[in-house]
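Results of the structural survey
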Amino acid sequence: MSSSAPNPAARLRGFRRPAWLSDPKVLRTEVLAGLVVALALIPEAISFSIIAGVDPAIGLFASFTMAVTIAVVGGRPAMISAATGAVALVIAPLNREHGFGHLVAAVILAGVFQIVLGALGVAKLMRFVPRSVMVGFVNSLAILIFMAQVPEMTGVPWPVYPLLAAGLALMVFFPKVTSVVPAPLVSIVILTVVTVAAGIAVPTVGDKGELPSSLPVPGLPDVPFTMDTLTTVAPYALAMALVGLMESLMTAKLVDDITDTHSSKTRESVGQGVANIVTGFFGGMGGCAMIGQTMINVRVSGARTRLSTFLAGAFLMVLCVVFGPVVSDIPMAALVAVMVMVSVGTFDWHSIAPRTLKRMPAGEITVMVVTVACVVATHNLAIGVVAGSLTAVVIFAQRVAHRAEVTAVTDPDGTSVVYRVTGELFFASSNDLVGRFRYATDPARVVVDLSAARIWDASSVAALDAVEAKYAQRGKSVEIIGLNEPSARMHRTLSGELTGGH
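What this report covers is the structure whose coordinates are included nearby. Because the structure is a prediction, the values reported are computed rather than measured.

What counts as what
- Residues numbered from 1 in each chain as written.
- Predicted model: local features only at pLDDT ≥ 70, side-chain atom pairs only at ≥ 80, totals over all residues.
- Heavy atoms only, no water.
- Core = buried A, V, L, I, M, F, W, Y, C linked by side-chain atoms within 4.5 Å.
- Buried < 20%, exposed > 50% of the residue type's maximum accessible area, 1.4 Å probe, protein only.
- Helix = DSSP H or I, 4+ residues; strand = E, 2+ residues; numbered from the N terminus.
- Contact = heavy atoms within 4.5 Å.
- Axes fitted to C-alpha atoms, helices over the stretch in contact; angles between N-to-C directions.
- Parallel < 35°, antiparallel > 145°, perpendicular 65-115°, else oblique.
- Left-handed = near helix turned anticlockwise from the far one by under 90°.
- Nonpolar A, V, L, I, M, F, W, Y, C, P; charged D, E, K, R; others polar.
- 1 Å grid on protein atoms, 1.4 Å probe; cavity = no way out; pocket = protein on both sides within 12 Å on 5 of 7 lines; lining within 4 Å.
- Points joined across faces, edges and corners; volume = space filled by probe spheres on them.
- Expected span 1.5 Å × (residues − 1).

1. A short note on the nonpolar core
Membership of the largest hydrophobic core comes to 102 residues, with the highest contact counts inside it found for Ile42, Leu60, Phe137, Met285, Ile296 and Leu316. The element that contributes the greatest number of residues to this core is helix H3 (residues 24–52), accounting for twelve residues. Setting aside anything within four residues of it in sequence, one finds Leu60 in contact with Ile42, Ala45, Ile46, Ser49, Leu211, Pro212, Leu316, Met317 and Cys320.

Written as structure tokens, this is what we have:
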């Protein structure tokens, strides 16, 4: 008699063993990367809490829950999600006008929106982001990271500058000695020891705000569960969901390019939603992918798995709750040096090299500049990406529209004329199509040959209808030939229907 009991070996055959479980070197890299990111997250999370108008602990809690949750449910391994400035800017007015309870409710609702948008396939829109926008996104990101460090380098005691220079030097030259320990971690430890041992008075992490002394506790937002509350928080939640998804998906695509691997953008979209819901129930301010910290994790530290993301969140809480006094003594100069190195390493210097600019089409350069300008002006990566993409669409439409040509050949006997149309026919190119025919002087029979053209939209069908109507008014016949199957199908479906048959 055969047994129907499941075979444990067969069940485990499909289980993929994480690389860090079997390779001590990978494990060391992931653990140290998570520690470096956790240290870098602390001042950032506190700063974003101040922007949102909440207690520093709220931003730190959000960074903890976002990182830990996204490590499990996200689509992009090694990407860091935490409290971010973009989200803080969106929800700050809600917290200011309606209180912290409404902010938490908006975070939870934003998570729901992100899950819905992810399930609807919003991630597929990433394929419409041109390369020039991506380059502009990366360069503007590098500029924003550097600009965020400028306040920490101005109006500070003079010892900050030699500490900053020492930190940069350590990160440049230490990897030449060994890569066993990440250079940023070495730099942070050495500069902290030096400042504490020598009693050097410089701004520290503790100056940013008080670190939490206990773990977050889950609970419901303190708001009335009414339709009025929903209508109040929904606009902010939707804005947060869209900004968060935009930054997260762009960051995921950037990490894909850096690591030469593919990630599920749909899973990432849904994962961001789940992470924000969890964060909201733990009283956090919400967040999305953190591009600067992701670059520290992936490019600087060499992390490639979910373990580094998970440990970044776990170490963050351990550092705050257990080692709070020690972490508070870390000089800001050490963390600023790390972020400056991230900024320099993130910028695509090849994209602005004279040789590259000389060969690149003017339209591509324009799109890149528009993207960078909008991001730097608004400090919002999502606005820059949208502006750059729209600019690219306009430039592409103008370029393609100019390729629609009409040439006429009249038969020797003068009884007919053939108009050959070449190019792509859509709203931009078909608008002036009607004016390319000689209605008054053409013979009685007119042939429009579209074998070298394609109809893309209703505007093109309407233009062809107008051509036929103008010839008909003069008692002349028009024959349209050469349509490929998709164009013929669209023409059959819409011809005569767009103007009521007149």
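2. Section: the packing of H3 against helix H9 (residues 183–198)
One way to put it is that H3 packs onto H9 with a least axis distance of 9 Å and a crossing angle of 50 degrees. The angle between H3 and H9 falls in the class oblique. Along this stretch, H3 crosses H9, giving a crossing that reads as left-handed. When H3 is examined against H9, the residues Leu32, Leu35, Val36 and Leu39 are found in contact with a partner set consisting of Pro184, Leu185 and Ile188. Among the residues forming the contact of H3 with H9, the class breakdown is seven nonpolar, no polar and no charged.

3. Here we look at empty space enclosed by the protein
If you walk through the whole model with that rule in mind, you get one cavity of 30 Å³ or more. Looking at the largest cavity, its volume works out to about 30 Å³. Ile70, Ala71, Gly74, Arg76, Pro77, Ala78, Met79, Glu268, Arg306 and Thr309 are the residues that line the largest cavity. Looking at the lining of the largest cavity, the elements with two or more residues in it are helix H4 (56–73) and helix H13 (306–321). Here the lining of the largest cavity is composed, by residue class, of five nonpolar, two polar and three charged.

4. Details of helix H20 (residues 458–472)
With 15 residues, H20 extends 21 Å between its outermost C-alpha atoms, agreeing within 8% with the 21 Å of an ideal straight helix rising 1.5 Å per residue. Listing the buried residues of H20 in full gives Ser460, Val461, Ala463, Leu464, Asp465, Val467 and Tyr471. On its buried face, H20 is in contact with strand S4 (416–425), helix H19 (427–430), strand S5 (445–455), strand S6 (477–481) and helix H21 (485–494).

By themselves, these are just geometric observations and shouldn't be taken as functional.
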